[in-house]
Amino acid sequence: MYYVESKQNTLHPTSASQNRGMAADSTALPTDAELLQAQADLWRHSLYYLTSMSLRCAVQLGIPTAIHRNGGSATAQDLITALSLPSSKLPFLRRLMRLLAASGIFTVDNSGDESIYSLSPMSFLLADEIPHDEHINHSSMVLSATSTHCVQAALGLADWFKKDVATPPFKELHGVTLFHESMESIDEEYHKLANEALASHDNFGINMALRQFREIFQGIQSLTDCGGGDGTTARAIVKAFPHIKCTVLDLPDVIEKIPADGVVNYVGGDMFKFVPPAQVVLLKLVLHHWSDEECVKILEQCKKAIPTREEGGKVLVGDIVIIGSSPGPMLETQLLMDIAMLTVSKGRQRDENDWHEIFMKAGFSDYKLVKQFGARGVFEVYP
């Protein structure tokens, strides 16, 4: 029982529900300006999917590549001609490009009679035929993330929350796991696309990282890239540091498709059971696919594979690190990636406290967050 004081300064009993009602009634009403802004914000958030679908449309039409082939800039009329689109679509294409430019996907020069569109850093990553060491086409990632398979899984989130199930929404809906060979059985084309998207996600920025984190690799004699896929990262490490002996561990069905190159040693196996011994084990964009308990099991195997800290033993973890103290587009990206993992896998994105907890549970003595790297961070984890 709670008590409130009346205007006559007499105490009268009141119930908990009445008290909550009074607290709600005392909430300050938004101003007219705030309510009008709130309505506009709700429109924007409710219609965000149209930005994603407009981006998907641009990728499917090949607009980024068409702009690149046109010398780096193009009007809507140039695009109609280059893409052999019906001339009747010109006013609609102008509207599409206007939204994509406002979203930062393209840049725009409106100083003349006709808007001229150019590649932004985002659309740079979506164009073909760019001869640049850091360029990896991310079109497959856009098409995979905006596919009906992923969108349908996200549409079912409310129903999923009402069920007492641990199966991710994607598997609950489709009966298969994204990136897993089971996906191939229901949609072979999408399975290939999703794995292309995963490769572009995982392999992008390797050379940048090797330049920015060069000191991390000094003194390393051997390294196991755990979950290293086709060996792209390991080969880049050997190219930059020829003295490092690199081994790639991945599932046998992945390894058997990789031709021997004489540069990297490839081992088919299960990282939950064994990690090939090395001075350093690398886990790059691996752990966010797995639950905390599974991450601990993987890290325990990594710890068994490396020598003591005095002998240079460590695990390098490159993964998203949520920095909640820095609100803005980067935090929003990290949190969207977290909900993406919730939708398609048992994994999640983690802040530094989450990472600290799984490192300690796996038996490590200490760690260091070396540096933020875009949305990701790089940890050195010590036995």
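Residues numbered from 1 in each chain as written. Predicted model: local features only at pLDDT ≥ 70, side-chain atom pairs only at ≥ 80, totals over all residues. Heavy atoms only, no water.

(A) Here's a closer look at the nonpolar core. Counting 33 residues, the largest nonpolar core has I63, I67, L79, L93, M97 and F170 as its most contacted members. Mapped onto this core, the elements with two or more residues apiece are α2 (32-61), α3 (63-69), α4 (76-82), α5 (90-102), α7 (139-145), α8 (148-155) and α12 (188-203). Among the elements that line this core, the one with the most residues is α5, at six residues. Non-local contacts of F170, meaning those with residues more than four positions away in its chain, are made with H149, C150, A153, G175, V176, T177, L178, M183, T343 and V344. Among the nonpolar cores identified, the runner-up in size contains 26 residues, and V275, C302, V315 and V381 belong to it. (Core = buried A, V, L, I, M, F, W, Y, C linked by side-chain atoms within 4.5 Å. Buried < 20%, exposed > 50% of the residue type's maximum accessible area, 1.4 Å probe, protein only. Helix = DSSP H or I, 4+ residues; strand = E, 2+ residues; numbered from the N terminus. Contact = heavy atoms within 4.5 Å.)

(B) Fine view of the UniProt feature "active site" (unreviewed entry) in the protein chain. The UniProt record annotates "active site" (unreviewed entry) at H288. By secondary structure assignment, the location of H288 is in the loop between β9 (280-284) and α17 (292-305). Excluding residues within four positions of it along the chain, H288 makes contact with H201, D319, M341, S345, G347, R348, Q349 and R350. (UniProt positions renumbered as here; feature names shortened; annotations may be inferred.)

(C) Just unusual backbone geometry, in detail. Non-glycine residue S84 carries a positive phi angle of around 55 degrees. One can find S84 in the loop between α4 and α5. Look at S84 and you get exposed, because its relative accessible area is 64%. Phi at L285 takes a positive value of approximately 50 degrees, unusual for a residue other than glycine. Following the sequence through the fold, L285 ends up in the loop between β9 and α17.

(D) Quick look at empty space enclosed by the protein. Tallied over the full model, the rule gives one cavity of 30 Å³ or more. When its volume is computed, the largest cavity comes out at roughly 280 Å³. Lining the largest cavity are 20 residues, and of these A209, F213, L282, K284 and V378 sit closest to its centre. For the lining of the largest cavity, the secondary-structure elements that each account for two or more residues are α13 (206-212), α14 (214-217), α15 (232-240), β9, β10 (314-322) and β13 (376-382). Sorting elements by how many residues they give to the lining of the largest cavity places β10 first, with four residues. Taken together, the residues that form the lining of the largest cavity break down as 13 nonpolar, four polar and three charged. (1 Å grid on protein atoms, 1.4 Å probe; cavity = no way out; pocket = protein on both sides within 12 Å on 5 of 7 lines; lining within 4 Å. Points joined across faces, edges and corners; volume = space filled by probe spheres on them. Nonpolar A, V, L, I, M, F, W, Y, C, P; charged D, E, K, R; others polar.)

(E) Local environment of the UniProt feature "domain: O-methyltransferase C-terminal" (unreviewed entry) in the protein chain. UniProt's entry tags residues 157-365 with the feature "domain: O-methyltransferase C-terminal" (unreviewed entry), counted in the numbering of this structure. Taken as a whole, residues 157-365 contains 46% helix and 15% strand, while its terminal C-alpha atoms sit 38 Å from one another.

(F) Broad picture of α8. All buried positions along α8 are accounted for by H149, C150 and A153. Viewed along the axis of α8, the buried residues span an arc of 95 degrees, placing them on a single side of the element. Every exposed residue of α8 that faces more than 90 degrees away from the buried side is listed here: T148 and L155. Close packing links the buried residues of α8 with α7, α9 (157-162), α10 (169-174), α11 (181-184), α12 and α18 (329-344). (Arc of directions from axis to C-beta.)

(G) Just the confidence of the model for the protein chain, in detail. For the protein chain, the average pLDDT comes to 90, and 93% of its residues sit at 70 or higher. Note that pLDDT drops below 50 for residues 1-14; the model gives that stretch 23 contacts with residues more than four away or on any other chain. (pLDDT = per-residue confidence, 0-100.)

(H) Summary view of α17. When the terminal C-alpha atoms of α17 are compared, their 20 Å separation across 14 residues agrees well with the 20 Å that a helix rising 1.5 Å per residue should span. Residues of α17 that are buried: E294, C295, V296, I298, L299, Q301, C302 and A305. Turning to α17, the residues buried within the fold contact β9, β10, β11 (350-351) and α19 (352-361). (Expected span 1.5 Å × (residues − 1).)

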